[in-house]
Amino acid sequence: MATEGDVELELETEPSGPERPPEKPRKHDSGAADLERVTDYAEEKEIQSSNLETAMSVIGDRRSREQKAKQEREKELAKVTIKKEDLELIMNEMEISRAAAERSLREHMGNVVEALITLTN
């Protein structure tokens, strides 16, 4: 037979019901409010089509100027005369392609020493 003390022990060991885990702090409660603030800000800062068109034309103009400058530079480099011996010397000594050796010589106006110094640095 169970005594009073035994019953109390049994009651203490039995779970009194489903235990709930402690509530976790909610990190994303303010998510909706944050999203609302972002959309409000975006609505205030709408991009106007005229501003977009202006920006695109500026970018296009800048690109065309850079292309023209590059073409002019290539024309200037093509005018530089280089010696075949100098070209072969740079190709053999530096073990680079013919195009790279020719480019280096043309950039240094056919000066072998300057071309070699630049290639070694």
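Located above this text is the structure these notes cover.
Quantities reported herein were computed from a predicted structural model and do not represent experimental measurements.

### As for the environment of His 108
Here comes step 1: Tracing the chain through its elements places His 108 in the loop between helix H5 (98-107) and helix H6 (112-120).
Here comes step 2: Relative accessible area serves as the criterion here: at 18%, His 108 is assigned to the buried category.
Here comes step 3: Each C-alpha atom, one on His 108 and one on Val 80, is 9.1 Å from the other, the two residues being 28 residues apart in sequence.
Here comes step 4: If we ignore the near neighbours within four places in the chain, the residues touching His 108 are Glu 114, Ala 115 and Thr 118.

### Some thoughts on H5
Here comes step 1: Within H5, burial applies to Ala 101, Ser 104, Leu 105 and Arg 106.
Here comes step 2: Following H5 by one or two positions, Met 109 adopts a phi angle in the positive range, close to 55°.

### Some points on unusual backbone geometry
Here comes step 1: Notably, Glu 95 is not glycine yet its phi reads approximately 55°, a positive angle.
Here comes step 2: Position of Glu 95 relative to the elements: it lies in the loop between helix H4 (84-94) and H5.
Here comes step 3: The class of Glu 95 is exposed, set by a relative accessible area of 71%.
Here comes step 4: Positioned with a positive phi, Met 109 is a non-glycine residue whose angle comes to about 55°.

What counts and how
Numbers given to residues run from 1 along each chain, matching the order in which its sequence is written. Reporting in this predicted model follows two pLDDT cut-offs: at least 70 for local features of residues, and 80 or more for side-chain atom pairs to be given and counted; totals over whole chains, interfaces and linings ignore these cut-offs and use all residues. Water and hydrogen atoms were dropped before computing side-chain values, which therefore reflect all heavy atoms in the structure. The way it works is that DSSP assigns letters per residue, a run of H or I at least four long becomes a helix, a run of E at least two long becomes a strand, and they are numbered from the N terminus. Only protein chains enter the calculation, and the probe is 1.4 Å; a residue is then buried if its accessible area is under 20% of its type maximum, exposed if over 50%, and partly exposed in between. Residue contacts are defined here by distance: any two heavy atoms, one from each residue, within 4.5 Å place the two residues in contact.

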